[in-house]
Amino acid sequence: MEQMYFSVVDYVIFALLLLASMAIGVYYALSGGRQRTTQEFLLADRSMAAVPVSLSLIASFQSAVAIVGIPAEVYANGTQFWFIGCAYVLGLLIPAQVFVPLFYRLRLSSAYEYLERRFNKAVRICGTLTFIFQTARTACACTHTLVCTHTCIHTHRTGGLKAVIWTDVFQTAVMFAGQLAVIVVGVQQAGGVKAVWDRVLEGNRISGLDLNPDPTERHTFWTLAVGGVFLMLALYGVNQAQVQRYLSARTEREAVRSCYMVIPALQVALALSCVMGLVMFARYCGEDPSRRPGSLSGDAMVLFFVMDMLQGLPGLPGLFIACLFSAALSSISSAFNSLATVTMEDLIRPRYPAMTEARATLLSKGLAMSYGLLCLAMAYFTHLMGESVLQVALKIFGMVGGPLLGVFSLGMFFPWANSTVSELDSVSLFDWRVWNGAYF
């Protein structure tokens, strides 16, 4: 197979992305309160507006797993996966109306603090440890280079959550630009929109509504549209990485609004990824077998397609790889920030309540760095699972996110389900004190 390389322009564009991300971290490290308190470092001083919070919510979800995994899935198996978009609406409306107001009014720093208020400290610690396993393992699917990890550590360690959110805003723009560039050039080289449509129809890549109730099927309407709702609830309802962003909003209304704003943006992101998979299929379905990337895995095939499409256009390969790294950076920086938060607030602070703010902030920065190095080491073993990054991520979220969602839902919706030994005042969704402001 022909070797393809970056041009000087590609390297320049890629380097500018990394420098811009680090510059944002430095700026917020030197502005405002200079990240001297855990409130500012971990929650951006609860001062963020709805727009940057919503873009950060999108960036942390639209990871490198989605940008590489979804086109590979559509290329290999058709557009059935597109039906997960049906789950986005209900999967974000429920958090906006139920989870976000509850967490915001309780003024939490960690989502798992709720589990102690509702049940006891043991449940909180179990939830925290489960989240740490889930997030560290998922971050490994995105952590493939020392450069990527170093940039995330630098951004988070210097500028805190505010730097992470504004870096996500910048990286979201890069992600959409990179995908659009690949799609436009790919359609042109495939012969136009009609040629692409004709080829994907001939190749049976346009999937109809599959109502097969068999849960062992790879993807059906039920597993995507219905099961996807629970996936979205686990991600946008009780996942610390997202809850932390809601809690950084300056008002409850801004937090709820940011959740609503994610719905159309995620639909656009999903459409771009699926269309990219269809264009990739149209490009190679009629090619000479020696030119097809058939010996590559689905995820590697996406990168081959990008380099093949954009090789003669200096700068565009660098833009897409920058897009891919932007997605990875946003996911990993979110992971490092949330891991540092839950470790500090759930595991360390309760044991050392007299710790000073200066020492707690310094320790939070050290935790972020430590988790980054741990994820980098664990990433080496990710390829041994022998599956696409999309399937790996979905399995991890299903195995771990589902039980966590169940525990939170039990506490919120079933006030009669209580711990035999409650260490704090129990708080359920139906507790009048939450809604009349007693916990403000």
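Residues numbered from 1 in each chain as written. Predicted model: local features only at pLDDT ≥ 70, side-chain atom pairs only at ≥ 80, totals over all residues. Heavy atoms only, no water.

1. Structural notes on the confidence of the model for the protein
Alright, step 1. Per-chain confidence: the protein averages 75 in pLDDT, with 72% of residues scoring 70 or above.
Alright, step 2. Within the model, the stretch residues 143–157 combines pLDDT values under 50 with 48 contacts to residues more than four positions away or in other chains. (pLDDT = per-residue confidence, 0-100. Contact = heavy atoms within 4.5 Å.)

2. Thoughts on the pattern of salt bridges
Alright, step 1. Applying the stated criterion across every chain, the model contains 7 salt bridges.
Alright, step 2. Note that Arg-124 is salt-bridged to Glu-116, the shortest N-O span being 2.5 Å. You'll find Arg-124 and Glu-116 in the same group, each marked buried.
Alright, step 3. Of the charged contacts in the structure, one is a salt bridge between Arg-124 and Asp-346, with a shortest N-O distance of 2.6 Å. With Arg-124 in helix α7 (residues 121–142) and Asp-346 in helix α14 (residues 316–348), this residue pair connects regions lying 222 residues apart in the sequence.
Alright, step 4. Taking relative accessible area as the criterion, Asp-346 reaches 3% and is therefore assigned buried.
Alright, step 5. A cluster of three or more residues bridged by salt bridges with shared partners is formed by Glu-116, Arg-124 and Asp-346. (Salt bridge = Lys/Arg side-chain N within 4 Å of Asp/Glu carboxyl O. Buried < 20%, exposed > 50% of the residue type's maximum accessible area, 1.4 Å probe, protein only. Helix = DSSP H or I, 4+ residues; strand = E, 2+ residues; numbered from the N terminus.)

3. Considering the packing of aromatic side chains
What describes a pair of aromatic rings is the distance from one ring centre to the other and the angle between the planes of the rings.
Alright, step 1. The tally for this structure, following the rule as stated, stands at 8 aromatic pairs.
Alright, step 2. Judged by centre distance (6.0 Å) and plane angle (65 degrees), the ring pair of Tyr-75 and Phe-281 falls under edge-to-face. A residue pair is termed long-range when its members are at least 10 positions apart, and Tyr-75 in helix α4 (residues 64–77) and Phe-281 in helix α12 (residues 252–284) qualify at 206 residues.
Alright, step 3. Residue classification places Tyr-75 among the buried positions, given a relative accessible area of 15%.
Alright, step 4. Overall, Phe-281 belongs to the buried group, its relative accessible area being 10%.
Alright, step 5. A cation over an aromatic ring shows up here: Arg-118 above the ring of Phe-119, its NZ or CZ 5.1 Å from the ring centre. (Phe/Tyr/Trp six-rings, centres within 6.5 Å; stacked < 30°, edge-to-face > 60°. Lys NZ or Arg CZ within 6 Å of the ring centre and 35° of its normal.)

4. A closer look at unusual backbone geometry
Alright, step 1. Unlike most non-glycine residues, Arg-107 shows phi in positive territory, near 55 degrees.
Alright, step 2. One can find Arg-107 in the loop between α5 (85–106) and α6 (113–118).
Alright, step 3. Residue Arg-107 is classed as partly exposed on the basis of its relative accessible area of 37%.

5. Some thoughts on the nonpolar core
Alright, step 1. Counting 101 residues, the largest nonpolar core has Phe-103, Tyr-114, Tyr-236, Phe-305 and Phe-408 as its most contacted members.
Alright, step 2. In this structure Phe-103 touches Leu-108, Ala-111, Tyr-114, Gly-237, Val-238, Val-243, Leu-247, Phe-408 and Met-412, once residues within four positions along its chain are discounted.
Alright, step 3. Membership of the second largest hydrophobic core comes to 7 residues, among which are Met-344, Met-355, Ala-360 and Ala-368. (Core = buried A, V, L, I, M, F, W, Y, C linked by side-chain atoms within 4.5 Å.)

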